[in-house]
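# Architecture at a glance
Given next are the chains, with one letter for each unit.
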Amino acid sequence: MNKLLLFLLSFFFSFISLSQTKEEALRDAKITADATLRSDYKTVLAYTYTPVLKVMGGKKKLYV
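Let me begin by describing the structure that accompanies this report. Everything numeric here is computed off the predicted structure, so don't read it as measured data.

## Re a nonpolar patch on the surface
On the surface, Tyr49, Val52, Val55 and Met56 cluster together to form a nonpolar patch covering roughly 440 Å² of accessible area. Among the secondary structure elements, Tyr49 is positioned in the loop between α3 (41–46) and α4 (50–55). By relative accessible area, which is 59% here, Tyr49 ends up exposed.

## Observations concerning the side chain of Thr43
Here Thr43 lies in helix α3. If we skip the residues at most four places from it in the chain, Thr43 touches Ile31 and Ala35.

## Quick notes on the side chain of Asp28
Positionally, Asp28 belongs in helix α2 (residues 22–37). In this structure Asp28 touches Gln20 and Tyr47, once residues within four positions along its chain are discounted.

## Some remarks on the pattern of salt bridges
Two side chains bearing opposite charge may form a pair once their charged atoms approach each other closely. Summed over the entire model, instances satisfying the criterion amount to two salt bridges. Note that Asp28 and Arg27 form a salt bridge whose closest N and O atoms lie 2.9 Å from each other. When its relative accessible area of 17% is taken as the criterion, Asp28 is described as buried. Where Arg38 meets Asp40, a salt bridge forms, and the shortest distance between an N and an O atom there is 3.4 Å. Of the residues examined, Arg38 reaches a relative accessible area of 55% and is grouped as exposed. With relative accessibility at 26%, the residue Asp40 sits in the partly exposed group.

Thresholds, definitions, all that
Residues numbered from 1 in each chain as written. Predicted model: local features only at pLDDT ≥ 70, side-chain atom pairs only at ≥ 80, totals over all residues. Heavy atoms only, no water. Patch = residues over 30% accessible without salt bridge, like charges linked within 9 Å, V, L, I, M, F, W, Y side chains within 5 Å. Areas by Shrake-Rupley, 256 points an atom, 1.4 Å probe, with all protein chains shown as cover. Salt bridge = Lys/Arg side-chain N within 4 Å of Asp/Glu carboxyl O. Helix = DSSP H or I, 4+ residues; strand = E, 2+ residues; numbered from the N terminus. Buried < 20%, exposed > 50% of the residue type's maximum accessible area, 1.4 Å probe, protein only. Contact = heavy atoms within 4.5 Å.

Take a look at the structure:
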């Protein structure tokens, strides 16, 4: 019973700690879009999902 309770609590709290609100997502999207229009690639890369950067070769390879 204790293992089940521990599993359920850890499962529940993992979703709370990793969630992003709609406002935060919109804010990040606006920052990235504005940086793209200004050709500010360092900011774009800062907001790019880390696994995508790894597939593309890493930040050092992508800096212009």
